[in-house]
Amino acid sequence: MTTASPLVALVGNPNAGKSSLFNALTGARQKIANYPGVTVERHSGRASFADGRPLELIDLPGSYSLTPASLDEAVTRDVVLGRQAGERRPDALIVVVDAGNLDQHLCFALELIGQGLPVVIALNMVDMAARDGLELDAAALAARLGVPVVPTVAVRKRGLDALLDALDGALKQGASAAPAANDDQRALHHQARALARAAIVREAPARRWTHAIDRVLLHPVAGFAVLLALLFIMFQAVFAWATPFADALEGGIGALQGLVIAAMPDGFLRGLIVEGLLGGVGSVVVFLPQILILFLFILLLEASGYMTRAAFLMDGLMAKVGLSGRGFIPLLSSFACAIPGIMATRAMPDAQDRLTTILVAPLMTCSARLPVYAVIIAAFIPATSVGGSPVGLQGLVLFGLYLFGIIGALLVALVLRRTVTKGNTAGMMMELPRYQMPRAGDVLLGLWQRAWAFLRRAGTIILATTVILWLLLTYPKVPEGSNISQVDYSVAGRIASGLEVVVKPIGFNHDIALALIPAMAAREVAVAALATANAVDAGDDEDAMAAALGDTLAGKWSLATALAFLAWFVFAPQCISTIAVTRRETGGWKWPLFMVGYLFVLAYVAAGITYWTAVALGLG
Amino acid sequence: METTLDRLPLGQTARIIAIDWDALDVAEGRRLRELGLLDGTELTALHRGGLFWRDPLAVAIGRMRIAIRARHAAAIRVEAL
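Residue indices begin from 1 for each chain and proceed along its sequence in written order. To label them, take the chains in the order written and letter them from A, then take the ligands in the order written and number them from 1. Local features in a predicted model are, by the rule used here, given only for residues with pLDDT of at least 70; side-chain atom pairs are given and counted only at 80 or more, and totals for whole chains, interfaces and linings are based on all residues.

Overview of the overall build of chain B
The line we're drawing: We count a stretch as a helix when DSSP gives it H or I for four or more residues in a row; a strand needs E for two or more, and each element gets its number in order from the N terminus. Radius of gyration here uses only the C-alpha atoms, and the compact-globule reference equals 2.2 Å multiplied by the residue count raised to the power 0.38. Here the contact rule is simple: place C-beta atoms from the backbone, and any two residues whose C-beta atoms are within 7 Å are in contact.
Helix and strand counts for chain B come out as 2 helices and 6 strands. Here the C-alpha atoms of chain B give a radius of gyration of 11 Å, agreeing with the 12 Å that 2.2 N^0.38 yields for 81 residues. Taking the principal axes of its C-alpha atoms as reference, chain B extends roughly 30 × 25 × 25 Å. Within chain B, contacts between residues separated by at least 24 positions form 61% of all contacts whose residues are at least 6 apart in sequence.

Examining the overall build of chain A
Within chain A one finds 28 helices and 10 strands. The globule rule puts the C-alpha radius of gyration for 620 residues at 25 Å, and the 27 Å found for chain A is close to it. For chain A, the spread of C-alpha atoms along the three principal axes comes to 90 × 55 × 50 Å. A separation of at least 24 residues holds for 73% of the contacts in chain A among residues at least 6 apart in sequence.

A short note on the environment of Ala383 of chain A
Residues and elements named next belong to chain A. Within the secondary structure, Ala383 is located in the loop between helix H17 (370–380) and helix H18 (393–418). Separated by 12 residues in the primary sequence, Ala383 and Gly395 have C-alpha atoms spaced 9.0 Å apart. In this structure, Ala383 is in contact with Gly392 and Gln394, ignoring residues within four places of it in sequence.

Notes on the sheet that holds strand E4 (residues 57–61) of chain B
Under the convention used in this document: The rule for pairing is simple: two strands pair if DSSP sees at least two bridges between them.
Reading across from one edge, E10(A)-E5(B)-E4(B)-E3(B)-E2(B)-E6(B)-E1(B) is the order of the 7 strands in this open sheet, with antiparallel pairing throughout. In this open sheet, the two edge strands, each paired with only one partner strand, are strand E10 (430–431) of chain A together with strand E1 (2–4) of chain B. Here E1 of chain B runs beside strand E6 (residues 76–80) of chain B; their pairing, made up of 3 bridges, is antiparallel. Its bridge partner being in E6 of chain B, Glu2 of chain B is matched across the sheet by Glu79 of chain B.

Observations regarding the packing of helix H11 (residues 268–285) of chain A against helix H19 (residues 440–474) of chain A
Residue and element names in this part refer to chain A. The following threshold applies: To define axes, lines are fitted to C-alpha atoms, for helices over the stretch in contact only, and angles between the resulting N-to-C directions are given on a 0 to 180 degree scale. Our angle categories are set so that under 35 degrees counts as roughly parallel, over 145 as roughly antiparallel, 65 to 115 as roughly perpendicular, and the remainder as oblique. Handedness of a crossing follows from how the near helix is turned relative to the far one, being left-handed for an anticlockwise turn of less than a right angle and right-handed for a clockwise one. Under the scheme applied, nonpolar residues are Ala, Val, Leu, Ile, Met, Phe, Trp, Tyr, Cys and Pro; charged residues are Asp, Glu, Lys and Arg; polar residues are all the others, including Gly.
Where H11 contacts H19, the two axes come as close as 9 Å, and the packing angle between them is 135°. Looking at the two axes, H11 sits oblique to H19. Here H11 and H19 pass one another in a crossing that is right-handed. Residues Gly271, Leu272, Glu275, Gly276, Gly280, Val281, Val284 and Val285 of H11 form the contact with H19, whose participating residues are Ala458, Ile462, Leu463, Thr466, Val467, Trp470 and Thr474. Per-class residue counts for the contact of H11 with H19 are 9 nonpolar, 5 polar and 1 charged.

Quick word on the packing of helix H3 (residues 102–113) of chain A against helix H7 (residues 185–199) of chain A
All names here are of chain A. Axis separation between H3 and H7 bottoms out at 8 Å; the angle between their running directions is 120°. Between H3 and H7, the interaxial angle falls into the category oblique. For the pair H3 and H7, the crossing hand works out as right-handed. For the pair formed by H3 and H7, the contact residues are Leu102, Asp103, Leu106, Cys107, Leu110 and Glu111 on the first element and Leu188, His189, Gln191, Ala192, Arg193, Leu195, Ala196 and Ala199 on the second. Its residues placed into classes, the contact of H3 with H7 shows 9 nonpolar, 2 polar and 3 charged.

With respect to the pairing of strand E3 (residues 41–48) of chain A
Residues and elements named next belong to chain A. Pairing of E3 with strand E4 (residues 54–59), which is carried by 6 bridges, proceeds in the antiparallel orientation. When the sheet's bridge partners are listed, His43 is paired in E4 with Asp59. The antiparallel hairpin formed by E3 and E4 contains 5 residues in its connecting segment, where Gly52 sits at a positive phi of about 95°.

Digging into the nonpolar core
Under the convention used in this document: When buried Ala, Val, Leu, Ile, Met, Phe, Trp, Tyr and Cys residues are joined through C-beta atoms within 7 Å, the set is termed a nonpolar core. Counting other C-beta atoms within 10 Å of a residue's C-beta gives its exposure: the residue is buried at 20 or more, exposed at 12 or fewer, and partly exposed in between, where C-beta atoms are placed from the backbone.
Tyr373, Ala564 and Leu566 of chain A together with Ile66 of chain B are the most contacted members of the largest nonpolar core, which totals 146 residues. With 11 residues, helix H26 (residues 559–571) of chain A is the single largest residue contributor to this core. The residues touching Ile66 of chain B, leaving out its near neighbours within four places in the chain, are Met429, Met430, Glu431 and Leu432 of chain A together with Leu35, Val59 and Ile61 of chain B.

Looking at the pairing of strand E1 (residues 7–12) of chain A
Remember that side chains alternate between the two faces of the sheet whenever the strand is regular. All names here are of chain A. Most of E1 is tucked away: 5 of the 6 residues are buried. Here E1 runs beside E4; their pairing, made up of 4 bridges, is parallel. When the sheet's bridge partners are listed, Leu10 is paired in E4 with Asp59. As paired elements, E1 and strand E5 (residues 92–98) share 5 bridges and run parallel to each other. Paired with Val8 across the bridge in E5 is Ala92.

A short note on the interface of chain A and chain B
Contacts between the two partners involve 30 residues from chain A, matched on the other side by 29 residues from chain B. Breaking the side of chain A that touches chain B down by element, the ones donating at least two residues are H3, H7, helix H13 (306–320) and E10 of chain A. If one sorts the elements of the side of chain A that touches chain B by residue count, H13 of chain A sits on top with 5 residues. Tallied by class, residues from the side of chain A that touches chain B come to 14 nonpolar, 10 polar and 6 charged.

Quick look at the environment of Gly608 of chain A
All names here are of chain A. By the element assignment, Gly608 lies in helix H28 (residues 590–616). Overall, Gly608 belongs to the partly exposed group, with 18 C-beta atoms counted inside 10 Å. Spatially, the C-alpha atoms of Gly608 and Ile506 are 4.3 Å apart, while their sequence positions differ by 102 residues. Not counting residues up to four positions away in its chain, the partners in contact with Gly608 are Pro505 and Ile506.

Focus: the confidence of the model for chain B
Residue and element names in this part refer to chain B. This is how it is decided: On a scale of 0 to 100, pLDDT captures the predictor's confidence in every residue.
Taken residue by residue, chain B gives an average pLDDT of 87. The fraction at 70 or more is 100%. Per-residue pLDDT, averaged within each element of chain B, yields its smallest value for helix H1 (residues 26–34) (80) and its largest for E6 (93). Overall fold confidence (pTM) sits at 0.73, and the ipTM for the predicted complex is 0.92.

Some words on H13 of chain A
All names here are of chain A. Using the following cut-off: For a helix, the expected span equals 1.5 Å multiplied by the number of residues minus one. Fitting axes to the seven residues ending at a residue and to the seven starting there, one defines the bend at that residue as the angle between these axes.
With 15 residues, H13 ought to run about 21 Å at 1.5 Å a step, and its terminal C-alpha atoms sit 22 Å apart, in line with that. Maximal helix bending in H13 amounts to about 45°, located at Met314. Along H13, 11 of the 15 residues are buried, which leaves the element largely enclosed by surrounding structure. Looking only at H13, the buried set comprises Thr308, Arg309, Ala310, Ala311, Phe312, Leu313, Met314, Asp315, Gly316, Met318 and Ala319. One or two positions beyond H13, positive phi appears at Gly322, with a value near 85°.

Topic: the environment of Asp20 of chain B
Residues and elements named next belong to chain B. Looking at the secondary structure, you find Asp20 in the loop between strand E2 (13–19) and H1. Taking the number of C-beta atoms within 10 Å as the measure of exposure, Asp20 has 12 and is therefore exposed. Asp20 sits 52 residues away from His72 along the chain, and the two C-alpha atoms are 9.4 Å apart.

Structure follows, in structure tokens:
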């Protein structure tokens, strides 16, 4: 880090378009790290002035004032005041305000101007304000505030050069003669309203579009129907759209395996590459298209402003089990991965509400479970449509598994809030931002970051566990002429035989017992483990190896076992990384251990009930 | 007509005449003020989240719309305009 380039922080209310402005200024030159001691993400990036001098930008969490109500907001305050460990005080602030919401956003702007740092105001989203019938006088606002005010449209990269020029000027000039800091909200609001009135040249009735859309989307019946339909389409799409891409990936991996077999002599290295590396890691990488489609939906819902509407609709229901709508966004993120979900709870003000949300987050079906579901569903559920409708049975089962997890989470929350996380019913106060068209660039950047994180995981933790597992599966070698299979003879097979005794009552076979152990490292490894065991068993029989994992399983497992396996994974104790992040977020081992314990019990009971019921119905 | 915000009919605009700060904890009260809910603020009740319960409530304040729980809305006395 060079101290020569100035450090500039972007600050503002939530929904001011701060992150879009940050993306527009820094492009892809971004770094995401953590602030030391807290798990709030630090987004930083580089930009340059017109003459090429560099500057470092940091994007601070959205906040309403310098009095924090959550961990995120505490970081914003500490960085602005120069109190944040590991961060020097910024040399200047870019205060981002929504041009269409001046009387609100100017309150925080006024408080920030009073902190004695050079400040430039980015009057953001002026195009939306104009569409709303608002005409603003930036010069009049600048004159009254005593700091430069630059109109910007972050999503169209408009006003960025002027903003950087104004910033350059402000840095050279130093802090302006700022009004005294004032944190009395009443006085700030009065002042902000007066300023907004002075800056508004012309005003038409507010937000007709958003109002009209909300009439439908927030309607207690129609809104709910839309929410359910959206979630349903999302899960159908995960299956339907991803198939061609997944097939292509699978074909590519198979071709690579063929090439390696043809090019290398039989031996340790070839086995490691073909069975361990390509067979194991490859079986997980195949799910990249499905994971990206899921993230695409989540990113689009977030960027369009719909996510807070979903939270609004869910709040009443979540209040019944002692959670708040604030927890809906972390929980929905947990469908992608529990780790960002648990980290997103930092924006929740109520401690008990937050703890409960963290504890049930692993029940939301994360994308790592998707590979497991996908393999089992593809193998055991016929790809037919339901009653001649365009609804696929496989997608319906997947939807059902997600629903099962959600119901489980609500019930667990209900119990927890009456026992271990007792407390006041949490409140929920949040802004419902205006709807907007998601910007392709922001969505693609988000998708790229998710894809990269997934591939890095596949390249490290998943690679390591599958290779170790392959070694344990391959040695010791079964003696010549023995009729015991290699998997049963190996170290892993013997461990699994021990575990099998415990899981046999719930219908699990030797294969599953084998897959459960490495699945603790990362859930999708369960698939890799099944695939690796399959490959090791097939040995050099290329036909057996080429047979899709699903077909092999369909031949070996009963339907009852497959269903029990699915039920297990709805509640399955989460991966090591989730346990680690829970420990970090709750500040000790007590809650992560509690979480693992209750999930184990639930998973065992759920799988058991599923198995016994299925057997009783004659599916065993 | 004087009532509390949670009982204000949807679509009705009203002015805040008093807020019972004692019914809210310190952080909640502060957040309400930051969102612009103060004596004299004009607002309009817009939507309710559920058919069978009154939570949450969406109100418009100026150009912003916010969601709050009925419990908080009950602490806010308003006068219909």
